[in-house]
Structure formats: C-alpha cells, structure tokens
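Single-letter residue listing:
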Amino acid sequence: MIVQACMNGARPEGYHPSLPLTTDAMIADAEVCISSGAGELHIHPRDPDTNESLIHVDELIRGIRNACPGTLVGVSTGAWIENDIVLTRQRIQAWSSLPDYASVNLSETDAPEIFSILEAKGVGIEAGIATVQDAKRFVSLPQCDRVFRALFEIEEQDFEQAEATLHGIEAVLNEAGVQHPILLHGFDSTVWHFVRKARIRRWSTRVGLEDGNSFEDESIAASNAELVAEAVALFRR
C-alpha cells in the first residue's frame with residue numbers, strides 16, 4: 001500500500017509551471033517526490049522537444065537509478081506516444097536500461113503483444129484497466145495471472161458513474177478469481193475521492209500532475225511533491 005507519484009503523463013506544456021518535461025527536470029522532481037514520501041514513480045519520458053517518446057526511456061531510467069537508488073520506476077507504453085504499432089513494439093524491444101514495470105492499457109489493440117514483449121524482457125506489467133470491458137479482456141488473456149499489478153484507472157468525472165465503473169471492474173476480476181495488488185486512481189475531479197477509497201480498501205494509489213493539479217479544497221498545488229505529501233499524510237491518518 002503505497003503512494004505513487006505520477007509526475008507528468010500526457011499533460012501539455014503550460015498545464016502547470018512545475019510540470020517536468022525534460023529528463024533533467026524529471027530526475028530532479030523524482031528526488032523531491034521520493035523525499036516527500038512517494039513509494040514509487042510513474043513517468044512519461046519526453047524527447048528534447050518535450051514530446052512523449054519511447055526512445056528516451058534508457059536515458060531517463062539511468063538518471064533515476066542514480067538519483068533515487070532502490071526506487072521502483074514505471075513508464076507508460078501508451079499507443080498514442082508513437083502512434084504506430086510496429087514502431088511501439090520496436091522501441092520497447094530496444095530498451096536496455098529497463099524500468100521495473102510498464103503500464104499497458106487494456107483498451108489498446110496491441111496490449112496482448114506489448115504484454116508479451118515486456119514479459120520477455122523481464123519488465124513487470126502494470127495492467128491498466130479503465131472500464132468493465134477492459135477488465136473482461138484482461139481476465140481472458142493468458143498473461144493475466146503474471147502481471148505486476150492491476151491499475152484501476154477511473155476516468156469518469158461523475159462520482160456515481162465512477163463508482164459504478166470501479167465496482168464493475170472489481171466484480172469481473174473477482175468472478176474470474178484473478179487476484180493482484182491493486183493501485184487505484186482517479187482523474188481531475190475524482191483524484192482525492194479515489195485516494196480516500198484506496199486508503200479504506202488498503203490499496204495503493206497515485207497522485208501527481210498527470211492526474212490533477214489541485215488539492216481536495218480545489219486550491220492548486222505548487223508541485224508534484226506537495227500532492228504526494230498530502231496523499232501520504234492522508235494515508236497515515
């Protein structure tokens with residue numbers, strides 16, 4: 001049961017003054033997030049023009065290992081990053097400095113193949129499940145019992161719909177007898193609702209500028225580290 005720092009995601013330049021978009025900025029932000037209580041890091045690497053890139057994973061991972069030794073680090077494999085199935089596969093296969101795990105979205109066409117590539121490289125799989133349909137697809141895969149963690153990503157902004165989606169996902173996994181560590185998170189208006197839900201359920205959670213830039217009172221946080229510190233304090237209360 002940890003608080004993961006999701007530091008940048010696909011957020012564009014200008015979303016927040018402290019959004020880390022260069023490798024150096026990500027490494028520096030990672031150090032501060034860990035000092036603020038984050039148990040893990042989830043990062044979207046960027047190229048020198050600040051575009052998301054699967055090419056620059058090696059450089060980022062080497063920097064994080066030096067700055068935060070012993071910290072688990074995950075990256076995204078989102079299909080939109082390269083916007084090309086073959087190129088996405090090639091660039092993941094080319095990684096030499098490996099993250100501890102990588103998130104794979106079950107909503108994406110090539111998810112099963114990305115699972116296989118990561119498994120062959122010895123990279124853990126964080127199975128991204130955002131809908132009941134994602135959950136059904138996940139439990140149908142032969143790799144479903146071998147993932148690092150199930151990532152419940154609830155994107156609905158209506159609280160009743162968001163809760164219904166969470167219950168539906170959980171029901172599918174329970175019915176299939178699939179049990180994994182769970183990280184639950186919301187997005188924008190539901191971030192803190194699901195931080196609290198994760199605490200009650202004894203699940204892990206995440207906060208950071210990828211998911212939202214504000215506190216429960218809707219005031220804007222100054223940094224990823226502030227969001228992490230607030231979530232850690234909530235978990236400890």
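Up top is the structure these notes are about.
Residues numbered from 1 in each chain as written. Predicted model: local features only at pLDDT ≥ 70, side-chain atom pairs only at ≥ 80, totals over all residues. Heavy atoms only, no water.

Trainee: Explain the side chain of H56 residue by residue, including any values.
Mentor: Structurally, the position occupied by H56 is in the loop between β2 (40-43) and α2 (57-67). Exposure remark for H56: the relative accessible area of 18% places this residue in the buried category. (Helix = DSSP H or I, 4+ residues; strand = E, 2+ residues; numbered from the N terminus. Buried < 20%, exposed > 50% of the residue type's maximum accessible area, 1.4 Å probe, protein only.)

Trainee: Got a sec to walk through the side chain of H180? Specific residues and values, please.
Mentor: By the element assignment, H180 lies in the loop between α7 (159-176) and β7 (182-185). Judged by its relative accessible area of 17%, H180 falls in the buried class. The contact partners of H180, leaving out residues within four places of it in the chain, are F138, C144, D145, R146, V147 and A150. (Contact = heavy atoms within 4.5 Å.)

Trainee: Give a detailed account of the nonpolar core, specifying residues and quantitative values.
Mentor: Among the nonpolar cores identified, the biggest contains 67 residues, and F138, F152 and L173 are the most heavily contacted of them. Apart from residues lying up to four places away in sequence, L173 is in contact with I129, A135, F138, V139, A150, F152 and V178. (Core = buried A, V, L, I, M, F, W, Y, C linked by side-chain atoms within 4.5 Å.)

Trainee: How would you sum up the pattern of salt bridges? Please name residues and give values.
Mentor: Taken as a whole and assessed by the stated rule, the structure comprises 13 salt bridges. The salt bridge partner of E163 is K197, with a shortest N-O separation of 3.3 Å. With E163 in helix α7 and K197 in helix α8 (residues 191-201), this residue pair connects regions lying 34 residues apart in the sequence. E170 is the salt-bridge partner of R201, the closest N and O atoms lying 2.5 Å from each other. (Salt bridge = Lys/Arg side-chain N within 4 Å of Asp/Glu carboxyl O.)

Trainee: So, the environment of E160: which residues are in play, and what are the values?
Mentor: With respect to the element layout, E160 can be found in helix α7. Measuring from C-alpha to C-alpha, the distance between E160 and A67 comes to 41 Å, with 93 residues separating the pair along the chain.

Trainee: Mind laying out the sheet that holds strand β5 (residues 124-129), listing which residues take part and the relevant values?
Mentor: Backbone-to-backbone hydrogen bonds pair the strands of a sheet. The strands run either parallel or antiparallel. Ordered by their spatial adjacency, eight strands build a closed barrel running β1-β2-β3-β4-β5-β6-β7-β8, and the pairing between neighbours is parallel. On average, each strand axis in the sheet is inclined to that of its neighbour by 25°, with strand direction left out of account. Contacts from α8 reach β7 and β8 (204-207) within the one sheet, and its direction differs from that of β8 by about 155°. Helix-sheet contacts for helix α9 (residues 224-236) involve β1 (3-6) and β8, and the interaxial angle to β1 is about 165°. (Pairing = 2+ DSSP bridges. Axes fitted to C-alpha atoms, helices over the stretch in contact; angles between N-to-C directions.)

Trainee: Just give me the short version of the packing of aromatic side chains, but keep the residues and values in it.
Mentor: Under the defined criterion, the tally for this structure stands at two aromatic pairs. Taking 5.0 Å as the distance between ring centres and 15° as the angle between the ring planes, the aromatic pair formed by Y101 and F148 counts as stacked. Within this pair, whereas Y101 is found in strand β4 (residues 101-105), its partner F148 is found in the loop between α6 (132-140) and β6 (149-153), the two being separated by 47 residues in sequence. According to the relative accessible area criterion, Y101 is buried, its value standing at 0%. Overall, the relative accessible area of 31% leaves F148 in the partly exposed class. With a centroid separation of 5.8 Å and 90° between ring planes, the pair formed by F152 and W203 is classed as edge-to-face. You can see F152 sitting in strand β6 and its partner W203 sitting in the loop between α8 and β8, a full 51 residues away along the chain. Each member of the pair, F152 as well as W203, carries the same accessibility label: buried. (Phe/Tyr/Trp six-rings, centres within 6.5 Å; stacked < 30°, edge-to-face > 60°.)

Trainee: Could you give an account of α8, naming the residues involved and the relevant values?
Mentor: Three or more residues of α8 are buried, namely V191, W192, F194, V195 and A198. Buried residues in α8, looked at end-on, bunch into an arc of 160°, giving them a common side. Where α8 is buried, its residues meet α7, β7, β8 and α9. R202 sits one or two residues past α8 and shows a positive phi near 65°. (Arc of directions from axis to C-beta.)

Trainee: Pulling in residues and values, what's your account of helix α5 (residues 111-121)?
Mentor: All of the buried residues in α5 are A111, I114, F115, I117 and L118. Looking straight down α5, one finds that the buried residues subtend no more than 170° of arc, so they occupy a single side. The inward-facing, buried residues of α5 contact α4 (85-93), β4, β5 and α6. G122 sits one or two residues past α5 and shows a positive phi near 80°.

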